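# A structural walkthrough
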Amino acid sequence: MVKHGRNKKRRAGRIGKTKIKNSGNFKRWDPDLHKKIKNPTVREHWDPSKSFTANLAAIGLVGNPNSDVRNTNPLQKPKAVTDVSAIELFDIPDSDELAEQKEKRCPINEEDQKYIAKCMSKYGVDYGRAFRDIKINYMQHTENQLRKLGARFLLLSSDQRIVDVPEKVKSLVSTDGA
């Protein structure tokens, strides 16, 4: 009698599936949650007989912040919160501090500076030959990647540059930045 690929179906998991019961592993409510809370003020105000959202509401927090968005009528405008200002919620830095942080950033890190300086000391700006030399170009950058890296390295100012400029490309470095 023909089995019609019964072993194949069995190995594929289509026959004889067994289900594992989830008895006792899943608890809907943890009665010892108030003992696990680390913050003493929250632990003091937590009532294990109340629900999670009710406890958060008693503390002054919202259990489900998106509930008012889901329950509103789409034709009705959402309520604006007027009691809290944005400055109280977020610590906004001064614009001067952001400008100083942008100036400190270097467009090319120290490791890449050493890498491209080594390539330039041997081949100058002939990126095609540097691309084919696998001892110098051990990271196997393409010719275009080496060209971009070299252009960024040559545009660095003297305070951003960590590695000395090789002799073969010193003439390409701008004198006002160096």
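Residues numbered from 1 in each chain as written. Predicted model: local features only at pLDDT ≥ 70, side-chain atom pairs only at ≥ 80, totals over all residues. Heavy atoms only, no water.

### Concerning the overall build of the protein
Regarding its fold elements, the protein presents 10 helices and zero strands. For the protein, the sequential pattern of α-helices and β-strands runs α-α-α-α-α-α-α-α-α-α. Expressed as a percentage of the 178 residues in the protein, the buried residues total 19%. Counting contacts in the protein only where the partners sit at least 6 residues apart, residues at least 24 apart contribute 41% of the total. For the protein, the computed accessible surface area is about 15400 Å², with 52% contributed by carbon and sulfur atoms. (Helix = DSSP H or I, 4+ residues; strand = E, 2+ residues; numbered from the N terminus. Buried < 20%, exposed > 50% of the residue type's maximum accessible area, 1.4 Å probe, protein only. Contact = heavy atoms within 4.5 Å. Areas by Shrake-Rupley, 256 points an atom, 1.4 Å probe, with all protein chains shown as cover.)

### Observations concerning the environment of Asp-133
With respect to the element layout, Asp-133 can be found in the loop between α9 (127-132) and α10 (143-154). Asp-133 sits 10 residues away from Tyr-123 along the chain, and the two C-alpha atoms are 9.8 Å apart. Beyond its immediate chain neighbours, meaning those up to four positions away, Asp-133 contacts Lys-122 and Tyr-123. In this structure the side chain of Asp-133 is engaged in a polar contact, spanning 3.2 Å, whose partner is the side chain of Lys-122. (Polar contact = N/O pair within 3.5 Å; in protein donor to acceptor, adjacent residues only side chain to side chain.)

### Describing unusual backbone geometry
Phi angles above zero are rare outside glycine, and Gln-140 is one such case at about 55°. Note that Gln-140 resides in the loop between α9 and α10.

### Here we look at the confidence of the model for the protein
The pLDDT averaged across the protein works out to 77; a share of 67% of its residues lies at or above 70. Per-element confidence in the protein ranges from a low mean pLDDT of 51 for helix α6 (residues 86-89) to a high of 94 for α9. (pLDDT = per-residue confidence, 0-100.)

### Some points on the pattern of salt bridges
Two side chains bearing opposite charge may form a pair once their charged atoms approach each other closely. In the structure shown here, the tally under the stated rule is four salt bridges. A salt bridge links Arg-129 to Asp-126, with the shortest nitrogen-to-oxygen separation between them at 3.9 Å. Across the pair Arg-147 and Glu-143 runs a salt bridge, and its minimum N-O distance is 3.2 Å. Taken together, the residues span about one helical turn, with Arg-147 and Glu-143 both in helix α10 at a distance of four residues. (Salt bridge = Lys/Arg side-chain N within 4 Å of Asp/Glu carboxyl O.)

### A short note on the environment of Asp-47
By secondary structure assignment, the location of Asp-47 is in the loop between α3 (40-45) and α4 (52-59). On the basis of relative accessibility, which here comes to 27%, the residue Asp-47 falls in the partly exposed class. Note: C-alpha distance between Asp-47 and Ala-58 (11 residues apart in sequence) is 9.4 Å.

### Notes on the packing of aromatic side chains
Centre distance and the angle of the planes are the two values used to describe a pair of aromatic rings. Per the counting criterion, the structure on display carries two aromatic pairs. The ring of Phe-153 carries Arg-161 above its face, with NZ or CZ at 5.8 Å from the centroid. (Phe/Tyr/Trp six-rings, centres within 6.5 Å; stacked < 30°, edge-to-face > 60°. Lys NZ or Arg CZ within 6 Å of the ring centre and 35° of its normal.)

### Examining helix α8 (residues 110-123)
Between its first and last C-alpha atoms α8 spans 20 Å; for 14 residues at 1.5 Å apiece the expected length is 20 Å, and the two agree. Buried residues of α8: Gln-113, Tyr-115, Ile-116, Ala-117, Cys-119, Met-120 and Tyr-123, and no others. Against α9 and α10 lie the buried residues of α8. Looking at the residues trailing α8, positive phi occurs at Gly-124, about 70°. (Expected span 1.5 Å × (residues − 1).)

### Some details on the side chain of Gln-113
Within the element layout of this structure, Gln-113 appears in helix α8. For Gln-113, a relative accessible area of 0% gives the class buried. A distance of 3.4 Å separates the side chain of Gln-113 from the backbone oxygen of Gln-160, its partner in a polar contact. Within the structure, the side chain of Gln-113 is placed 2.7 Å from the backbone nitrogen of Ile-162, a separation counted as a polar contact.

### Details of the nonpolar core
One recurring pattern in soluble globular proteins is that nonpolar side chains are buried together. Of all hydrophobic cores here, the largest spans 19 residues; its most connected members are Ile-116, Cys-119, Met-120, Leu-146, Phe-153 and Leu-154. Among the elements of the structure, α8, α9 and α10 are those that each provide at least two residues to this core. With residues up to four places along the chain from it excluded, the contact list for Cys-119 reads Gly-124, Ala-130, Ile-136 and Leu-146. (Core = buried A, V, L, I, M, F, W, Y, C linked by side-chain atoms within 4.5 Å.)

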